[in-house]
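# Understanding the architecture of this molecule
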Amino acid sequence: MPFCNIIWLMVNKNYFEAFTRRQTAIGLAVLMMYSTGYLTPWLPFMRVVANRWSTFAVIVVTIALLSPQLIQAFRAFRKDNSRLILWTFGTFVALFVAAILWSVVQSVLIQTFDIPYPAHSNTANIMVELRTLPVLGSILLLLGSTILGPIFEELTYRGILFRSLERLSGILAHIFTAALFGFQHVVVPVFIQHDSSAWVAIGNYVFFSLALTFIYTRTRTLAPGIIAHSLFNCIGVLISTRQ
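Below you will find a few notes about this structure.

So, how was this worked out
- Residues numbered from 1 in each chain as written.
- Predicted model: local features only at pLDDT ≥ 70, side-chain atom pairs only at ≥ 80, totals over all residues.
- Heavy atoms only, no water.
- Helix = DSSP H or I, 4+ residues; strand = E, 2+ residues; numbered from the N terminus.
- Buried < 20%, exposed > 50% of the residue type's maximum accessible area, 1.4 Å probe, protein only.
- Contact = heavy atoms within 4.5 Å.
- Areas by Shrake-Rupley, 256 points an atom, 1.4 Å probe, with all protein chains shown as cover.
- Core = buried A, V, L, I, M, F, W, Y, C linked by side-chain atoms within 4.5 Å.
- Polar contact = N/O pair within 3.5 Å; in protein donor to acceptor, adjacent residues only side chain to side chain.
- Axes fitted to C-alpha atoms, helices over the stretch in contact; angles between N-to-C directions.
- Left-handed = near helix turned anticlockwise from the far one by under 90°.
- Expected span 1.5 Å × (residues − 1).
- Salt bridge = Lys/Arg side-chain N within 4 Å of Asp/Glu carboxyl O.
- Phe/Tyr/Trp six-rings, centres within 6.5 Å; stacked < 30°, edge-to-face > 60°.
- Lys NZ or Arg CZ within 6 Å of the ring centre and 35° of its normal.
- Nonpolar A, V, L, I, M, F, W, Y, C, P; charged D, E, K, R; others polar.

This paragraph deals with the overall build of the chain. In terms of regular secondary structure, the chain is built from ten helices and zero strands. The secondary structure elements of the chain, listed N-terminal to C-terminal, are α-α-α-α-α-α-α-α-α-α. Within the chain, the fraction of its 243 residues that count as buried is 46%. Here the analysis covers contacts within the chain between residues at least 6 apart in sequence; of these, 73% occur between residues at least 24 apart. As displayed, the chain has an accessible area near 12,200 Å², and 72% of this comes from carbon and sulfur atoms.

Turning our attention to the side chain of S197. Here S197 lies in the loop between α8 (170-192) and α9 (202-219). The exposure class of S197 is buried, given its relative accessible area of 8%. With residues near it in sequence (within four places) discarded, S197 still touches I115, P116, Y117, P118 and A119.

Turning to the environment of S121, a few remarks are in order. Of note, S121 is situated in the loop between α5 (81-112) and α6 (122-132). For the pair S121 and Q193, spaced 72 residues apart in the sequence, the C-alpha separation amounts to 9.7 Å.

Attention now moves to the nonpolar core. A general trend in soluble globular proteins is that nonpolar side chains are found buried together. Grouped together as the largest cluster of nonpolar side chains are 41 residues, with contacts concentrated most on I63, L95, Y157 and L222. Looking at this core, the elements that each hand over two or more residues are α2 (21-36), α3 (52-65), α4 (67-79), α5, α7 (135-166), α8, α9 and α10 (223-241). Element by element, the count of residues in this core is highest for α7, at nine residues. I126, L130, L141 and V237 belong to the second largest nonpolar core, which has five residues in total.

Next up on the list: α6. What α6 keeps buried is the set N125, I126, M127 and L130. For α6, the elements touching its buried residues are α3, α7, α8 and α10.

With that out of the way, let us pick up the side chain of Q184. Following the sequence through the fold, Q184 ends up in helix α8. Of note is the side chain of Q184, whose polar atom sits 3.1 Å from the side chain of H185. Residues contacting Q184, with those up to four places away along its chain left out, are Y34, S35, E153 and Y157.

Moving on: the packing of α6 against α10. At a minimum axis distance of 10 Å, the contact between α6 and α10 shows a crossing angle of 65°. In the packing of α6 onto α10, the handedness of the crossing is right-handed. Of the residues in α10, those touching α6 at T123, M127 and R131 are V237, S240 and T241.

Attention now goes to α9. The end-to-end C-alpha distance of α9, which contains 18 residues, comes to 26 Å, matching closely the 26 Å that a straight helix rising 1.5 Å per residue would cover. For α9, the set of buried residues is G203, Y205, F208, S209, A211, L212, T213, I215, Y216, T217 and T219. Buried residues along α9 sit in contact with α5, α6, α7, α8 and α10.

Within the structure shown, the criterion is met by three salt bridges. Ionic pairing is found between D80 and R83, a salt bridge with its closest N-O pair at 2.6 Å. A relative accessible area of 32% places R83 in the partly exposed class.

Further remarks concern the packing of aromatic side chains. Applying the stated rule across the entire model yields twelve aromatic pairs. Taking the centre distance of 5.8 Å and the plane angle of 85° together, the rings of F191 and W199 count as edge-to-face. Taking relative accessible area as the criterion, F191 reaches 36% and is therefore assigned partly exposed. An aromatic cluster is defined as three or more aromatic residues linked by ring pairs; in this entry it consists of F92, F96, Y157, F181, F208 and F232. The ring of F181 has R158 sitting right over it, with the charged end atom 5.2 Å from the ring centre.

Relative orientation of the contacting elements α2 and α7 amounts to 115°, with a least axis distance of 10 Å. As α2 packs across α7, the resulting crossing turns out to be left-handed. Contacts from Q23, T24, G27, L28, V30, L31, Y34 and S35 of α2 reach α7 at F152, E153, T156, Y157, I160, L161 and S164. Within the contact of α2 with α7, the residues separate by chemical class into eight nonpolar, six polar and one charged.

Shape is all these values report; function is a separate question.
Below, the structure is given as structure tokens:
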């Protein structure tokens, strides 16, 4: 059986959302570009994700490509909304608990090993851009970070990457998905802004990803994770604007 057919069978078993072979292949390629494009801007095919606005365009196009699966997810949510609403609320709480726990661990690591507190972060970079961009740019950035970004990340990280790896090894799927998710969220502070202390923040994103993936395996649909992820980002932006 051709490899692409094997992958296609892997990502369509026991879940509400069914991805085609082409969607799976494109989704994996885009996710790799999205996660590592800032490190290799000299490669022609990576230039599309070497800045925020081209990345925004890639996210929009990918969501459009995977829109049937997005619709399937929310149809599943509507059919079983009482149970999935509880799971969504539980996911939202779990994300906050994971963030609080990692903030404690991060403080201990910083104090124990005398690590400088990170001067840059993904959220901090967004807030800096919001203060300098024109109104339209700020609206698009907010839309990307609070709604489109979470939709894209859940479709690709959980819906495609995790499910592509899950049938090979559940543990490997959880670890690799969380590691890549964490790496993608610190790549700019560490490699572009040269703030090596930002590595300490990767644990926050790893726990965040593990929580979302765990909920996905329990509900078998992306909708609770998308909603909880989006709400979490919205509150994070609101809190940051008041600081």
